[in-house]
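Residue-level listing of the chains:
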Amino acid sequence: MPESTAERDPVRVSRSLLLLVALALAALWAISFRLLHGRVLATWQGEEALAPLYAFVSPLARPGALLFAALGLGLTLFSGRLCDPERLSRVRFAVALLAAAVLLPLALFLVRSDLADLGRQFDLYRNEEFFHDARRIGSLPRFLEDYVAIMPTLSLHGQHFPPGHAILLHIAAELFGPSALVAGLVVLAFSAAAILLSWRVLEHLAGARAARQGSLLLLACPALLDFACTSMDAVFLFFATLAWLLSLRALASESRPPRAWLAGAALLLSTFFSFSALPVGLAILLHALFRGRGAPFATAARLMHMAAGYVGAAWLLFAATGFPIWSCLHRARESGLALIRRAAGVEPGSLWALFSLGNATSFLIGAGLALVAAAVARACARPLRGEPWTPAALLTLLAMSCGGIYFLETERVWLFALPWLAAVAVSAGPFSEGSQRLLLAAGLAQALLLETALFTLW
């Protein structure tokens, strides 16, 4: 959408809409809690989780809350200037965005912990995290070659994930030391880089002002702020967003086959870190189909080149290391189903409806008031099929919620989908400055409230 047109008719978000979204999220949480409480999620020190969130009531007030509040207020007040391309250059905005992507999660972390505790979340559960798998790597080539065979002996996470996270933490330990603090800083660095990549993606899908607003809305997501330096899902956010960005470039009308091969290889790289790359691929496929309806043969050719890049990269990985990612996927699926079967005491399929509701509810609560209200406002401002990304993203999220491949904790596991929702939110054009400030204030206040009241383990 041209910037001049959008400025003449910006999207507006009223306080009434924000209140309705808050009430809807609260109602979904209450219903899901009633249906799922005590049925699947593990306890912590004998206390049941606030299903469908994997969180526990543990109020805590520390001076760090004031620092987060001050930073959030500053971001909200100066957001109008930050998002105006005529008042702030791209380079300066990138610097400001990167600073906010580092400082806001750190400040939220200080609400409950000291800075020296950064990374200790990886050691809360002994031998259940990628951090512990990284410690057992002796020979990296041998670890990769034997990975599928040793998956049953790995940590709880390692048993149903590919080896990327463990290998990244191993490399970080070799370079900077094996401490948990190093692991926490690595996660924060990838999370901040993912915010910058998300901004670049949004520039492809919306105008310059709208893209800046969307990237700031990501920094008002409670889940992203909470897990940005405490969960390896923030690392996958980077690789998933990189694959998304390269795929958008590969689908451009002037694109050549090498770009498509690179996009396919990037998607394979993200698969090396998490099999959630498969829904990322679905979103890219649907976007390509909606976008390329007027040129089906050219679209099909680009998709075939991307698929060739993906498959070729998988075979090169196998030839170079002996690691069969397809066998890893099969073993991970079996391990994940067995885990849920033990936790629930029944076949996962018998709880399909509850898991579907819980998946969607957890993700929306984690996305927060700002992003969800912005997406609702966009739906009211323009038909859902007004551009290709919105239907692609919503259909993929529906498939993820109801497809039987996720079993709660999606407020954390689906961090990679938060930029999708940001792209939906800004696809109708930029918000008015007043609406932008209202959204940021609501999202950041929710993040602070949840962090003060709840303990999330990660």
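Residues numbered from 1 in each chain as written. Predicted model: local features only at pLDDT ≥ 70, side-chain atom pairs only at ≥ 80, totals over all residues. Heavy atoms only, no water.

Trainee: Could you give me a rundown of the overall build of the protein, with the residues and numbers involved?
Mentor: Counting its regular elements, the protein contains 21 helices and two strands. A compact globule built from 458 residues would reach a C-alpha radius of gyration of about 23 Å, and the protein, at 21 Å, matches this within 12%. Dimensions of the protein, computed from C-alpha atoms along their principal axes, come out at roughly 60 × 55 × 45 Å. Counted over contacts in the protein with a minimum sequence separation of 6, partners at least 24 positions apart contribute 80%. With an accessible surface of roughly 18800 Å², the protein has 66% of that area assigned to carbon and sulfur atoms. (Helix = DSSP H or I, 4+ residues; strand = E, 2+ residues; numbered from the N terminus. Rg over C-alpha atoms; globule rule 2.2 N^0.38 Å. Contact = heavy atoms within 4.5 Å. Areas by Shrake-Rupley, 256 points an atom, 1.4 Å probe, with all protein chains shown as cover.)

Trainee: Tell me about the nonpolar core, residues and numbers included.
Mentor: Counting residues in hydrophobic clusters, the biggest one holds 158 residues, and the most contacted among them are Phe-68, Phe-416 and Trp-420. What Phe-416 contacts, discounting residues up to four positions off in sequence, is Phe-236, Leu-237, Ala-240, Ser-276, Val-280, Met-400 and Tyr-406. Of all hydrophobic cores here, the second largest spans six residues; its members include Leu-53, Ala-55, Leu-450 and Leu-454. (Core = buried A, V, L, I, M, F, W, Y, C linked by side-chain atoms within 4.5 Å. Buried < 20%, exposed > 50% of the residue type's maximum accessible area, 1.4 Å probe, protein only.)

Trainee: Account for the pattern of salt bridges, with residues named and values stated.
Mentor: Side chains that differ in charge, positive against negative, can pair when their charged atoms come close. By the definition in use, this model includes 11 salt bridges. For Arg-142, the salt bridge goes to Asp-146, with nearest N and O atoms at 2.5 Å. When its relative accessible area of 53% is taken as the criterion, Arg-142 is described as exposed. A salt bridge links Arg-378 to Glu-387; the shortest N-O distance between them is 2.9 Å. This pair shows no difference in class: Arg-378 is buried, exactly as Glu-387 is. Salt bridges here are not isolated pairs; linked through shared partners, they connect Arg-90, Arg-200 and Glu-203. (Salt bridge = Lys/Arg side-chain N within 4 Å of Asp/Glu carboxyl O.)

Trainee: Summarise the packing of aromatic side chains; cite the residues concerned and give the values.
Mentor: Going through the model one piece at a time under the given rule, you end up with 22 aromatic pairs. Aromatic side chains Trp-315 and Trp-326 sit 4.9 Å apart centroid to centroid with 40 degrees between the ring planes, which places their arrangement in the tilted category. Placement of the pair is Trp-315 in helix α15 (residues 296-321) and Trp-326 in helix α16 (residues 325-344), with a sequence separation of 11 residues. Of the aromatic side chains, those joined through ring pairs into one cluster are Phe-143, Tyr-147, Phe-190, Phe-238, Phe-239, Phe-272, Phe-273 and Phe-323. (Phe/Tyr/Trp six-rings, centres within 6.5 Å; stacked < 30°, edge-to-face > 60°.)

Trainee: I'd like to hear about the state of the cysteines, residue by residue, with values.
Mentor: One covalent bond between the sulfur atoms of two cysteine residues makes up a disulfide. The final tally for this structure, using the stated rule, is zero disulfides. Here Cys-221 stays free of any disulfide, with the sulfur of Cys-83 as its closest cysteine sulfur at 14 Å. (Disulfide = S-S within 2.5 Å.)

Trainee: For helix α20 (residues 418-426), give the residues involved together with the corresponding values.
Mentor: Counting buried residues along α20, nine of its nine residues qualify, which places the element largely inside the surrounding structure. All of the buried residues along α20 are Leu-418, Pro-419, Trp-420, Leu-421, Ala-422, Ala-423, Val-424, Ala-425 and Val-426.

Trainee: Lay out the environment of Arg-120 in plain terms, naming residues and giving numbers.
Mentor: As for its position among the elements, Arg-120 is in the loop between α4 (90-109) and α5 (130-135). C-alpha separation for the pair Arg-120 and Thr-230, spaced 110 residues apart in sequence, amounts to 8.3 Å. Here Asp-117 takes part through its side chain, which lies 2.8 Å from a polar atom of the side chain of Arg-120. (Polar contact = N/O pair within 3.5 Å; in protein donor to acceptor, adjacent residues only side chain to side chain.)

Trainee: How would you summarise the packing of helix α17 (residues 352-381) against helix α18 (residues 389-402) if you had to cite specific residues and measurements?
Mentor: Taken N-terminus to C-terminus, the directions of α17 and α18 make an angle of 150 degrees; their axes are 8 Å apart at the nearest point. Relative to α18, α17 is oriented roughly antiparallel. Contacts from Trp-352, Phe-355, Ser-356, Asn-359, Ala-360, Phe-363 and Arg-378 in α17 reach Thr-390, Leu-397, Met-400, Ser-401 and Cys-402 in α18. Looking at the contact of α17 with α18, its residues break down into seven nonpolar, four polar and one charged. (Axes fitted to C-alpha atoms, helices over the stretch in contact; angles between N-to-C directions. Parallel < 35°, antiparallel > 145°, perpendicular 65-115°, else oblique. Nonpolar A, V, L, I, M, F, W, Y, C, P; charged D, E, K, R; others polar.)

Trainee: Give me the confidence of the model for the protein: which residues, what numbers.
Mentor: Mean pLDDT over the protein works out to 90, with 98% of the residues at or above the 70 mark. Across residues 1-6 the pLDDT falls below 50, and counting only partners more than four positions away or on other chains, this stretch makes 12 contacts in the model. (pLDDT = per-residue confidence, 0-100.)

Trainee: Talk me through unusual backbone geometry; I want residue IDs and the actual numbers.
Mentor: Cis rather than trans, the peptide bond between Ala-51 and Pro-52 has omega equal to 5 degrees. Its identity as a non-glycine residue notwithstanding, Leu-408 has a phi of 70 degrees, on the positive side. Positionally, Leu-408 belongs in the loop between α18 and α19 (410-413). The phi angle at Glu-409 is positive, at roughly 60 degrees, despite the residue not being glycine. Within the secondary structure layout, Glu-409 lies in the loop between α18 and α19.

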